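# Architecture at a glance
The residues making up each chain are set out below.
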Amino acid sequence: MRMLVFFDLPVVTRAERRAYTVFRRFLLNDGYDMIQFSVYGRILNGTDAETKHMKRLVDNLPPAGSVRVLTVTEKQFASMKLLVGLPLFQEKTVNAQQILLF
Amino acid sequence: MTWRSVMISRPANLRRDKFALLIEQEDDARVPFEDIAVIVLNHREITLSHSVLSACGEYGIGLFSIGPTHHPNGVFLPFLSHSRATRVLRLQLALGKPAAKRAWQTIIQSKIQNQAKCLERLGKPGTERLESLARRVRSGDPDNLESQASAAYFRALYGNDFHRGQPRWINAAMDYGYAVFRAAIARGLVAHGFLPALGLFHASEQNAFNLADDLIEPYRPLVDLHVTEHSFGHDVDDLQPADKVALVNLLNVDMAMPRGTTSALTSIEQAVESLARLYEGGSAELLELPRLIGLALHQYEC
């Protein structure tokens, strides 16, 4: 399954920009991939992993702004339609397969 | 929870990008170290940095290198990564002969049963004979029923003129599959604080993986089953890249464990945990060993 994180963060003051950078860096370091600007997704292997990453996410939230999270099954994620644009290389190769080939 | 195997079969440059493995080819890709169980370096033109090796040690990832024959010839394992490594080592050294022999009996019974299951799945004769041999294995296998069973089993699988030493596709594929499992088991052992050189039955002074060679036995028939099902129509004796991928992917095949069906990779973890309980003073009945159920890939919930 996939955890999708959507966020809108204020970037007016220096402190806000800092909070935004720290949050975005946390997402990348915790294994999320950028699906679009402000939309990040992480592959999870089962509900235990969901609990773990959800806790980490909650522990690293920015102080202000709007952050949403939605967990969908792999099937639901795969049924997403790309209306304009193409999937990223990362998205195509690092998928839910247990063996990754490069 | 680690669940991914990463196999690199084209020239690549591996780097550490914070908490992820960065694979640089024509396009770059990132895989979080946290998710990776094994990395197979399956090409000569792969470069990697010390920080990647260090991350493998940090996250308990088994990294396999490939020799000139394209077989796995080395494995990089974390060094004393377990918090109680010395304690486990003392337990390993203190394990009594009777307990080791009973554990070996359980392992061999499980291996022969899996061999029987393999023959049954392929519709070959000899299942009953192997099952009867499995029932007759005594503590420490003093009658060497293991080799009797194997001889009958390989004859049933590949005919009377088959030898393990022949340069044939079947042998190359089996060697490759066994090497993958051996290294995956060695990784599991090290993660639980075991010194893989100290075996239950295997005791070669020149072998650093005696314990892995003990524990691999019930897994061999899984490789055999796959190899036999795919053994037809090869004009060359060498393994092709796709064959190797399929063999590494056997780590993701479902096997039946006492606590439920799980992938071979997870079943190795459970088997190693049960082995740890044996060393803690438990009995051989506590050993949790896999039962072969077929070649269906493990499905994660989605």
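Fair warning: this is a prediction, and the values are worked out from it, not measured in the lab.

Another point: the UniProt feature "binding site: Mn(2+)" (unreviewed entry) in chain B. Residue and element names in this part refer to chain B. If you check UniProt for "binding site: Mn(2+)" (unreviewed entry), the listed places come out as E146, H202 and E217 in our numbering. Spatial clustering of the annotated residues is evident: they stretch over 72 residues in sequence, but the largest pairwise C-alpha distance comes to 13.4 Å. Position of H202 among the secondary structure elements: in the loop between α6 (169-191) and α7 (210-215). We classify H202 as partly exposed; its relative accessible area is 23%. In this structure the side chain of H202 is engaged in a polar contact, spanning 2.6 Å, whose partner is the side chain of D214. With respect to the helices, strands and loops of the structure, E217 is situated in the loop between α7 and α8 (220-229).

Next up on the list: the packing of α6 of chain B against helix α9 (residues 241-248) of chain B. Residues and elements named next belong to chain B. Interaxial distance between α6 and α9 falls to 9 Å at its minimum, and their mutual angle equals 40°. Relative to α9, the element α6 is oriented oblique. Between α6 and α9 the crossing geometry is right-handed. Along the contact surface, α6 presents W169, A173, Y176, G177 and V180, while α9 presents D243, K244, L247 and V248. Its residues placed into classes, the contact of α6 with α9 shows 6 nonpolar, 1 polar and 2 charged.

Turning our attention to the interface of chain B and chain A. Taken together, the 29 residues of chain B in the interface contact 30 residues of chain A. With both chains or domains summed, chain B and chain A bury close to 2600 Å², and 52% of this area falls on carbon and sulfur atoms. Sorting the residues of chain B by area buried against chain A places W3, R4 and R30 of chain B first, and these three jointly supply 23% of that buried surface. The interface formed by chain B and chain A includes 4 salt bridges. One salt bridge connects D35 of chain B with R42 of chain A, and the closest N-O pair in it is separated by 3.2 Å. Where chain B packs against chain A, one counts 8 residue pairs in polar contact (both at pLDDT 80 or more). Counting residues per element, the ones that place at least two in the side of chain B that touches chain A are β1 (4-8), β4 (28-32) and α9 of chain B. Its residues assigned to classes, the side of chain B that touches chain A shows 14 nonpolar, 6 polar and 9 charged.

Here we take up unusual backbone geometry. Unusually for a residue other than glycine, S38 of chain A sits at a positive phi of about 65°. Here S38 of chain A lies in the loop between β2 (33-36) and β3 (39-43). Under the relative-accessibility criterion, S38 of chain A is labelled partly exposed at 28%. If you check the backbone angles, K18 of chain B has positive phi at about 55° while not being a glycine. Here K18 of chain B lies in the loop between β2 (12-17) and β3 (20-24). A relative accessible area of 45% places K18 of chain B in the partly exposed class.

All names here are of chain B. Here the domain parsing of chain B yields domain 1 (4-76) and domain 2 (85-286). Contact with domain 1, which involves 15 residues of that partner, is made by 15 residues of domain 2. Linking domain 1 with domain 2 are 0 residue pairs in polar contact (both at pLDDT 80 or more), by the criterion used here. Elements supplying a minimum of two residues to the side of domain 1 that touches domain 2: β1, β5 (36-41), β7 (62-66) and β8 (72-76). Taken together, the residues of the side of domain 1 that touches domain 2 break down into 9 nonpolar, 6 polar and no charged.

What counts, and at which threshold
- Residues numbered from 1 in each chain as written.
- Chains lettered and ligands numbered in written order.
- Predicted model: local features only at pLDDT ≥ 70, side-chain atom pairs only at ≥ 80, totals over all residues.
- Heavy atoms only, no water.
- UniProt positions renumbered as here; feature names shortened; annotations may be inferred.
- Helix = DSSP H or I, 4+ residues; strand = E, 2+ residues; numbered from the N terminus.
- Buried < 20%, exposed > 50% of the residue type's maximum accessible area, 1.4 Å probe, protein only.
- Polar contact = N/O pair within 3.5 Å; in protein donor to acceptor, adjacent residues only side chain to side chain.
- Axes fitted to C-alpha atoms, helices over the stretch in contact; angles between N-to-C directions.
- Parallel < 35°, antiparallel > 145°, perpendicular 65-115°, else oblique.
- Left-handed = near helix turned anticlockwise from the far one by under 90°.
- Contact = heavy atoms within 4.5 Å.
- Nonpolar A, V, L, I, M, F, W, Y, C, P; charged D, E, K, R; others polar.
- Buried area = accessible area lost by both parts, 1.4 Å probe.
- Salt bridge = Lys/Arg side-chain N within 4 Å of Asp/Glu carboxyl O.
- Domains from an automatic or database assignment.

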